Amino acid sequence: MSSIEHVVVIGLGYIGLPTAAILASNGVNVVGVDVKQANIDAINRGEVPFVEPDLNIQVAGAVSKGMLKATTETPHAEAYILAVPTPFNADKSADLSYIEAAARGMAPTLKGGELVILESTSPPGATQHLANYLIELRPDLSLDEADGKPVIHVAHCPERVLPGRVMIELVTNDRIVGGITPAAAQMASALYQTFCQGQIHLTSATTAEMAKLVENSYRDVNIAFANELSVISDKLNIDVWELIELANFHPRVNILQPGPGVGGHCIAVDPWFIVAAAPEEAKIIRQARETNDAKPQWVIDKVKSHIQGSSGDAVAILGLAFKPNIDDLRESPSVAITAQLAKELPDTKVLVSEPHIETLPKELAEMPNVSLVSTEDAISHAGVVTLLVDHDVFKNLDQALLTSKDVVDTRGIWRHAVDQFQPSPS
């Protein structure tokens, strides 16, 4: 087991805060660092500033015991875990500015002997870039004991958890740990053994980076196949969900479900890092990304065609999150669809129902024809009802509310009800 007793976690978002909480709950003194003062204040009160099942219990317990606190300044620790965003630039290359900012906050505190772990999903070479950047900031330190200078140990351990199941999967899932050096990998492995019940697989930092990107690209390629099937099936007047269900009876076929696009901080982003690293070779991965990125516009065109045939002056949008039963809107195709519809149809009221948020994101809140309302109000006042996210609350909705409504169901949860309640052609 690890001898590390003090850890700093930089970035207290959907991955950083659960990681900080699980370490603190297992006897490690943790200081979380974040740039948002509101998040700092909430965490120090034992509160969680976003929705993730069971996380509030862990945070409240760790804070009450004095094992977890949050601040905006990076203190010294034996180990640092970076869980900051890695978005992509306009050219789809990775934006490493958040990683570099975290390094600048950390560098003055280093003395030598510390472990630095990059958890952020990153393109190949990002961990080495972090290591080199730290040495540029602190030339009195080294990555190699042969230099005779105090050494820092840098590793990559990508998160592999599903939003909504983070507190379970942090403990039960296998972890991949890639070190700049074997010693760094061993130190990181020992720290994760503090709470990880799954196997920990050691490799190089670059291979660990690629492993996470490959996992998400595999999902993206398979979702693209399902989304392409949905477009083809619509053209051929075939129920794509019935088609997939029948095909999946084959013992070696497991087609995923289509939707309005792909969102989230991983699947919608990570494949581009592979494409950027090998643009000539990553042909299938690029095509899958382009297919999934094109699906929102297909949905928009579908909704607009329904609105043109509707007598109402409002459209209901059900769901903004990128997946069911969470409040995470990152890279959500539903947000993009809603914004584009409101822009293209300025005289149409866009009534949004998202049960897991209290306020609209900024890009929608600033649009005069968009409002956040209850599910019942959205449906009752709209001629066209567009389902974008299969939240449980929508699955359990009284489907009689859809009577005489024009329905665009991108998730297939109402397809039988739509046949029953859809207005008859005139």
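Reading the values: the criteria
- Going along each chain's sequence as written, the residues are numbered from 1 onward.
- Only residues with pLDDT of 70 or above have their local features reported here, since the model is predicted, and side-chain atom pairs are shown and tallied only from 80 upward, although totals for entire chains, interfaces and linings are computed over all residues.
- Just so you know, side-chain values use all the structure's heavy atoms and leave hydrogens and water out.
- In this description a helix means any DSSP run of H or I spanning at least four residues, a strand means any run of E spanning at least two, and both kinds are numbered starting from the N terminus.
- Computation of the radius of gyration draws on C-alpha atoms alone. For the globule rule, the value is 2.2 Å times the number of residues to the power 0.38.
- Pairs of residues are marked as contacts when any of their non-hydrogen atoms sit within 4.5 Å.
- Only the protein chains shown count as cover for residues, and the accessible areas themselves come from Shrake-Rupley with a 1.4 Å probe.
- By the counting rule applied here, Lys and Arg register as positive and Asp and Glu as negative, while His and the ends of each chain are not counted.
- Taken as the charge centre is NZ of Lys, CZ of Arg, CG of Asp or CD of Glu, depending on the residue.
- A strand pair is defined by DSSP finding two or more bridges across the two strands.
- The convention used is that axes are lines fitted to C-alpha atoms, helices contributing only their stretch in contact, and that angles between N-to-C directions extend from 0 to 180 degrees.
- A helix is expected to span 1.5 Å multiplied by its residue count minus one.
- Remark: exposure states derive from per-residue accessible area (1.4 Å probe, protein chains only) relative to the maximum for the residue type, with buried under 20%, exposed over 50%, and partly exposed in between.
- Pairing of aromatic side chains requires ring centres within 6.5 Å, counting the rings of Phe and Tyr and the six-membered ring of Trp. Pairs whose planes differ by under 30 degrees are stacked, by over 60 edge-to-face, and all others tilted.
- Any angle between 65 and 115 degrees counts as roughly perpendicular, while under 35 counts as roughly parallel, over 145 as roughly antiparallel, and the rest as oblique.
- Crossing handedness: left-handed means the near helix sits turned counterclockwise from the far one by under a right angle, and right-handed means the same turn made clockwise.
- Three classes are used: nonpolar for Ala, Val, Leu, Ile, Met, Phe, Trp, Tyr, Cys and Pro, charged for Asp, Glu, Lys and Arg, and polar for all others, with Gly counted as polar.
- For this analysis, a nonpolar core means a set of buried residues of the types Ala, Val, Leu, Ile, Met, Phe, Trp, Tyr and Cys, connected via side-chain atoms within 4.5 Å.
- Any N or O atom pair separated by 3.5 Å or less is treated as a polar contact, with the protein-specific requirement of one donor-capable and one acceptor-capable atom, and with residues adjacent in sequence counted only for side-chain atom pairs.
- Lining residues are those with an atom within 4 Å of a point, where the points come from a 1 Å grid over the protein atoms alone and group into cavities, where a 1.4 Å probe fits but cannot get out, or pockets, open sets with protein on both sides within 12 Å along at least five of seven lines.
- Grid points are joined across faces, edges and corners, and a volume is the space filled by probe spheres set on the points.

**Concerning the overall build of the chain**
- A count of helical and extended segments in the chain gives 16 helices and 13 strands.
- A compact globule built from 426 residues should have a C-alpha radius of gyration of about 22 Å, and the chain, at 24 Å, falls within 12% of that.
- For the chain, the spread of C-alpha atoms along the three principal axes comes to 85 × 50 × 40 Å.
- Residue pairs in contact within the chain that sit at least 24 positions apart in sequence constitute 69% of those at least 6 positions apart.
- Total accessible area computed for the chain in this model is approximately 19000 Å², and 52% of it derives from carbon and sulfur atoms.
- Positive and negative charge centroids in the chain, built from 31 and 53 side chains respectively, lie 1 Å apart.

**Quick look at the sheet that holds strand S9 (residues 314-318)**
- Taken in spatial order, the five strands line up as S11-S10-S9-S12-S13 in an open sheet, and their pairing is parallel. Each edge of the sheet is formed by a strand with only one pairing partner; in this case those strands are strand S11 (370-372) and strand S13 (406-409). For this sheet, the mean angle separating the axes of adjacent strands, direction not counted, is 20 degrees.
- In terms of strand pairing, strand S12 (residues 384-387) meets S13 through four bridges, oriented parallel. Opposite Leu387, over in S13, you have Asp409 as the bridge partner.
- Packed onto the sheet, helix H12 (residues 333-344) meets S9, strand S10 (349-353) and S11 and runs at close to 165 degrees relative to S10.

**Some words on H12**
- Its 12 residues give H12 an end-to-end C-alpha distance of 16 Å, which sits within 8% of 16 Å, the value for a rise of 1.5 Å per residue.
- All of the buried residues in H12 are Pro333, Ser334, Val335, Ile337, Thr338, Ala339, Leu341 and Ala342.
- Tucked into the core, H12 has its buried residues touching helix H11 (283-308), S9, S10, helix H13 (362-365) and S11.

**Remarks on the packing of aromatic side chains**
- In total, this model carries two aromatic pairs according to the counting rule given.
- Their ring planes at 70 degrees and their centres at 5.8 Å tell us that Tyr192 and Phe195 sit as a pair that is edge-to-face. Residues Tyr192 and Phe195 agree in their burial class; the two are buried.

**Some points on the packing of helix H8 (residues 205-235) against H11**
- Two numbers describe how H8 lies on H11: the axes approach to 8 Å, and their chain directions differ by 40 degrees. The angle between the axes of H8 and H11 places the two elements in the oblique class. Like other packed secondary-structure pairs, H8 and H11 cross with a definite hand, here left-handed. Along its contact with H8, which presents Ser217, Asp220, Val221, Ile223, Ala224, Asn227, Glu228, Ser230, Val231 and Asp234, the element H11 presents Ile284, Ile285, Ala288, Arg289, Thr291, Asn292, Lys295, Trp298 and Lys302.
- Taken together, the residues that form the contact of H8 with H11 break down as eight nonpolar, five polar and six charged.

**Focus: the nonpolar core**
- In this structure, Val7, Leu68 and Leu191 are the most contacted members of the largest nonpolar core, which totals 45 residues.
- With six residues, helix H1 (residues 16-24) is the single largest residue contributor to this core.
- With residues near it in sequence (within four places) discarded, Leu68 still touches Ala20, Ala21, Ala24, Val30, Gly32, Ile43, Val59, Ala62 and Val63.
- Counting 34 residues, the second-largest nonpolar core is a separate cluster that includes Ala94, Leu96, Met106 and Trp272.

**Brief notes about helix H10 (residues 270-277)**
- Summarising burial for H10: six of the eight residues are buried, a large majority.
- Asp270, Pro271, Trp272, Phe273, Ile274 and Val275 are the residues of H10 that are buried.
- Those residues of H10 hidden inside the fold are in contact with H8 and H11.

**Remarks on the side chain of Ser120**
- Positionally, Ser120 belongs in the loop between strand S5 (115-118) and helix H5 (126-137).
- By relative accessible area, which is 5% here, Ser120 ends up buried.
- Reaching out from Ser120, the side chain makes a polar contact with the backbone oxygen of Val84 at a distance of 2.7 Å.
- Apart from the residues lying within four places of it in its own chain, the contact partners of Ser120 are Leu82, Ala83, Val84, Thr86 and His156.

**What about the side chain of Arg289?**
- Counting through the fold element by element, Arg289 comes out in helix H11.
- Residue Arg289 is classed as buried on the basis of its relative accessible area of 0%.
- When near neighbours in sequence (up to four residues on either side) are disregarded, Arg289 contacts Asp220, Val262, Ile267, Ala268, Pro271 and Trp272.

**As for empty space enclosed by the protein**
- For the structure on display, the rule yields one cavity of 30 Å³ or more.
- For the largest cavity, the full set of lining residues is Tyr14, Ile15, Glu52, Val161, Leu162, Pro163, Val166 and His265.
- Across the lining of the largest cavity, the residue classes break down as six nonpolar, one polar and one charged.

Purely geometric numbers; function is a separate question.
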